[in-house]
Amino acid sequence: MALHSILPPACAIILSLAWLIVAKKEVFLMKIFQSLYSIRDNQNCEISGPCWKWPNGHTIDKFLDGRIKSKEWRVYGPVYRIWSCNIPEIVITTPEDVRAFHSDSDLHNKSASSNGGWFFHQLLGDCMGLVNGIRWRRLRSEFNHAFSYRQALQMSSSIGTYAHEYVKTMIPDMQAAESTIHVSDAFMKFPFFCTADALYGPMTEDEKSKLWSIGQQSLALMRYVLLGGIYRFKVSQVFCGRAAKELNTFQKEWSAFNNNMYQSRRSWSPTPLIVLAWKPVTEGRLPESEVMQTLSEMLFANLDVSSHVITWLVTLLADNEDKQQKLRDEIRDKGIINDMLLSEYCNKKNTFLSACYLESLRLRPFTVFTIPESSPSEKALGGFQIPANTSIVVDTLEINVNNPFWGRDSHSFNPERFNNIKQADLRYNLFAFGFGPRKCLGQYFAEAMVKNFVVHLLDQYEVHIPLSESRDGEYKSHRDTWVPISNVKLVLSKLK
Ligand code: HEM
Ligand SMILES: *[C@@H]1O[C@H](CO)[C@@H](O)[C@H](O)[C@H]1NC(C)=O
Ligand SMILES: *[C@@H]1O[C@H](CO)[C@@H](O)[C@H](O)[C@H]1NC(C)=O
């Protein structure tokens, strides 16, 4: 046969194949990934889950649209699979499965760089929250003492003093009887500089503004992580000059900042944490990347987390004025504000303040899908045999809200529910600071921060949601942070 008679049909076939691959690339890639990581139940049915999405799987869905996706993906049953690029992640949704998965949690590993790819690895891949084994134990032991329960209790009174000042000067026009504020803009610097104080000790205004600007650089870099695609691979260093340059500038400035802080504080007494943490770096006992990224984690990654917790607690109290008044009565009844009793009050577990704090953590977990981790053993979860070393994430809304444990009013803000619940029953029914031995390093410190802030805010102001923020049963949240921080305006009315 002559070449000219084969060529057109061959071209047509190649072109249609190419078209098929481009148009159906999602199905095509999903089939490939599925065949690599097949998981079947005892009826030999493949585990279900949402269709793979170009180009990053479900990374964006997981972080930015968590609340919507959690609802949407419920149709796949109590155990299903999503994708972080080409890496499968198994979502579990029931307290029973959380308990079964965590039965050996002391042996679990966090997934490398949280399955976030190369660019994310440069920012946080070596931080305490994501490294494993001996590296994790070494890092945690450097920081543990500074955030222990006792240490947090000791820091509480200076946190209270700062909260009092912060709330007093937060509003531009301090004489106004009423002011409208944007919650996250107005509150964000409080947890940031509280945490900075715990790390560096008292700072000059110059040091503070430098730290804030490095933080802004760090947060801006998160946009490349969320873009994914080429940024998941090292080649982006070659092809994406601007991102590589921004990353490099950030890393240099961050290293120089910490080194300067270390040098300027070496002779201080009491010794600030930065001196204790940076010394092993100068002596070559700890890699600089691990300490630098752990500081990044505590200050920059956590800025969104702590702000999230504060903004939601205040937003929920604004929206439930009877609870707000009840809490204010508790605060004022005890005359706590004018007394040394404030840190004791913030530390107590049987107060209405504590119930409000837990209730807001329950309704607004900072992430709907937890940080992926794996067990070294095969696990039976919801009828599937999940192979060892598979990344597992927990849908925290299914645990904290849609779980029958919370009863029929599980969607409403009802702090009194905690009066009748035993602490031990919360273990697998409430996600707040993590389930296993990798629990949040800063949990006691964060609690002191959030409670002190809210006590002073409610003592000085009444908080309302303005009519213009009518919200059809849902609140607005930010889409430019990796955590869905409340994006709501509030009216503050000055109290006598
Ligand atoms: C109320 C605010 C906060 C919440 C809700 C929160 C929540 C969490 C959660 C859920 C984890 C992961 C636990 C796991 O995967 O098992 C975690 C880890 C961590 N958090 Fe927090 N956190 C908060 C504030 C803070 C603060 C202020 C700091 C700074 C000291 C901090 C430092 C850390 C660190 C270093 C880790 C990694 C711990 C490890 O892997 O050993 N957190 N946090
Ligand atoms: C967990 O991580 C450590 C440190 O990276 C590694 O040595 C160990 O093999 C990992 N375990 C599993 C089960 O992947
Ligand atoms: C899980 O990872 C560990 C450490 O890398 C390895 O020794 C083990 O064989 C892995 N198990 C499976 C089933 O792949």
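Conventions adopted
- Residues numbered from 1 in each chain as written.
- Chains lettered and ligands numbered in written order.
- Predicted model: local features only at pLDDT ≥ 70, side-chain atom pairs only at ≥ 80, totals over all residues.
- Heavy atoms only, no water.
- Near = heavy atom within 4 Å.
- Polar contact = N/O pair within 3.5 Å; in protein donor to acceptor, adjacent residues only side chain to side chain.
- Areas by Shrake-Rupley, 256 points an atom, 1.4 Å probe, with all protein chains shown as cover.
- Nonpolar A, V, L, I, M, F, W, Y, C, P; charged D, E, K, R; others polar.
- Axes fitted to C-alpha atoms, helices over the stretch in contact; angles between N-to-C directions.
- Helix = DSSP H or I, 4+ residues; strand = E, 2+ residues; numbered from the N terminus.
- Parallel < 35°, antiparallel > 145°, perpendicular 65-115°, else oblique.
- Left-handed = near helix turned anticlockwise from the far one by under 90°.
- Contact = heavy atoms within 4.5 Å.
- Donors = N, O, S within 2.8 Å, 3.2 Å for Na, K, Ca; no water.
- Pairing = 2+ DSSP bridges.
- Buried < 20%, exposed > 50% of the residue type's maximum accessible area, 1.4 Å probe, protein only.
- UniProt positions renumbered as here; feature names shortened; annotations may be inferred.
- Phe/Tyr/Trp six-rings, centres within 6.5 Å; stacked < 30°, edge-to-face > 60°.
- Lys NZ or Arg CZ within 6 Å of the ring centre and 35° of its normal.
- Salt bridge = Lys/Arg side-chain N within 4 Å of Asp/Glu carboxyl O.

**Observations regarding the site of ligand 2**
- Every residue lining ligand 2 is accounted for by Asn109, Asn132, Pro376 and Asn389.
- The separation between an oxygen atom of ligand 2 and a polar side-chain atom of Asn109 is 2.3 Å.
- Computed on the free molecule, ligand 2 has an accessible area of 370 Å², of which 41% lies beneath the protein chains in the complex.
- Class assignment of the residues belonging to the shell around ligand 2 gives a composition of 1 nonpolar, 3 polar and no charged.

**Some details on the packing of helix 6 (residues 117-124) against helix 13 (residues 241-265)**
- It is the contact of helix 6 with helix 13, at a shortest axis distance of 11 Å, that shows an interaxial angle of 15°. It follows from the interaxial angle that helix 6 and helix 13 lie roughly parallel. Judged by the sense of rotation from one axis to the other, the crossing of helix 6 with helix 13 is left-handed. Residues Trp118, Phe119, Gln122 and Leu123 of helix 6 lie in contact with helix 13, whose contacting residues are Ala243, Leu247, Phe250 and Gln251.
- A per-class count over the contact of helix 6 with helix 13 returns 6 nonpolar, 2 polar and no charged.

**Digging into the coordination of the iron atom of ligand 1**
- Protein coordination of the iron atom of ligand 1 is limited to a single donor, Cys440 (SG), which sits 2.2 Å from the metal.
- Summarising the element assignment, Cys440 is placed in the loop between helix 19 (396-400) and helix 20 (443-460).

**Observations concerning the sheet that holds strand 4 (residues 178-182)**
- Across the sheet, which stays open at both edges, the 3 strands sit in the order 4-10-9 with antiparallel pairing between neighbours. Either end of the sheet is taken by a strand with one partner, and the two such strands are strand 4 and strand 9 (461-464). Sheet twist, expressed as the average angle between the axes of neighbouring strands with direction ignored, equals 30°.
- Sheet topology note: the strand 9/strand 10 (residues 489-494) ladder contains 4 bridges and is antiparallel. By the bridge assignment for strand 10, Glu462 is matched with Ser493.
- The strands touched by helix 20 are strand 9 and strand 10; relative to strand 9, the strand with the most contacts, the crossing angle is about 95°.

**Quick notes on the environment of Arg40**
- Along the chain, the position of Arg40 falls in the loop between helix 2 (25-36) and helix 3 (59-64).
- When its relative accessible area of 41% is taken as the criterion, Arg40 is described as partly exposed.
- A polar side-chain atom of Arg40 sits 3.4 Å from a polar atom in the side chain of Ser38.
- A polar atom in the side chain of Arg40 sits 2.9 Å from the backbone oxygen of Asn44.

**Comments concerning the UniProt feature "binding site: heme" (unreviewed entry) in the chain**
- The sites that UniProt annotates as "binding site: heme" (unreviewed entry) are Cys440.
- For Cys440, a relative accessible area of 28% translates into the label partly exposed.
- Leaving out residues up to four positions away in the same chain, Cys440 has contacts with Arg140 and Phe433.

**Remarks on the side chain of Ser105**
- For Ser105, the position within the fold is in the loop between helix 5 (95-101) and strand 3 (109-110).
- In this structure Ser105 touches Gly436 and Pro437, once residues within four positions along its chain are discounted.

**Considerations on the packing of aromatic side chains**
- Applying the stated criterion across every chain, the model contains 30 aromatic pairs.
- Taking the centre distance of 6.3 Å and the plane angle of 55° together, the rings of Tyr37 and Trp83 count as tilted. Pair noted here: Tyr37 is in the loop between helix 2 and helix 3 and Trp83 is in strand 1 (residues 79-84), with a separation of 46 residues, a long-range link.
- Its relative accessible area of 1% is what places Trp83 among the buried residues.
- Here the aromatic cluster, defined as three or more aromatic residues joined through ring pairs, consists of Phe192, Phe193, Tyr200, Trp212, Phe250, Trp254, Phe257 and Phe300.
- Lying over the aromatic face of Phe352, Lys326 brings its terminal NZ or CZ to 4.5 Å of the ring centre.
- The lysine or arginine in question, Arg362, covers the ring of Trp406, its NZ or CZ lying 5.0 Å from the ring centre.

**A closer look at the packing of helix 15 (residues 288-319) against helix 20**
- At a closest axis distance of 10 Å, the pairing of helix 15 and helix 20 adopts a crossing angle of 35°. Crossing handedness for the pair helix 15 and helix 20: right-handed. In contact with Ser306, Val309, Ile310, Leu313, Val314 and Leu317 of helix 15, helix 20 contributes Met449, Val450, Phe453, Val454, Leu457 and Leu458.
- Per-class residue counts for the contact of helix 15 with helix 20 are 11 nonpolar, 1 polar and no charged.

**Observations regarding the pattern of salt bridges**
- Taken as a whole and assessed by the stated rule, the structure comprises 26 salt bridges.
- Between Lys62 and Glu89 there is a salt bridge, with the nearest N and O atoms lying 2.7 Å from each other. Here Lys62, found in helix 3, pairs with Glu89, found in strand 2 (residues 87-92); they are 27 residues apart in sequence, far enough to count as distant. The same class applies to Lys62 and to Glu89, which are both buried.
- Between Lys349 and Glu447 there is a salt bridge; the shortest N-O distance is 2.9 Å. You can see Lys349 sitting in the loop between helix 17 (342-347) and helix 18 (352-363) and its partner Glu447 sitting in helix 20, a full 98 residues away along the chain.
- The buried category is assigned to Glu447, whose relative accessible area is 13%.
- Members of the salt-bridge network, linked through shared partners, are Asp126, Arg135, Arg138 and Glu290.

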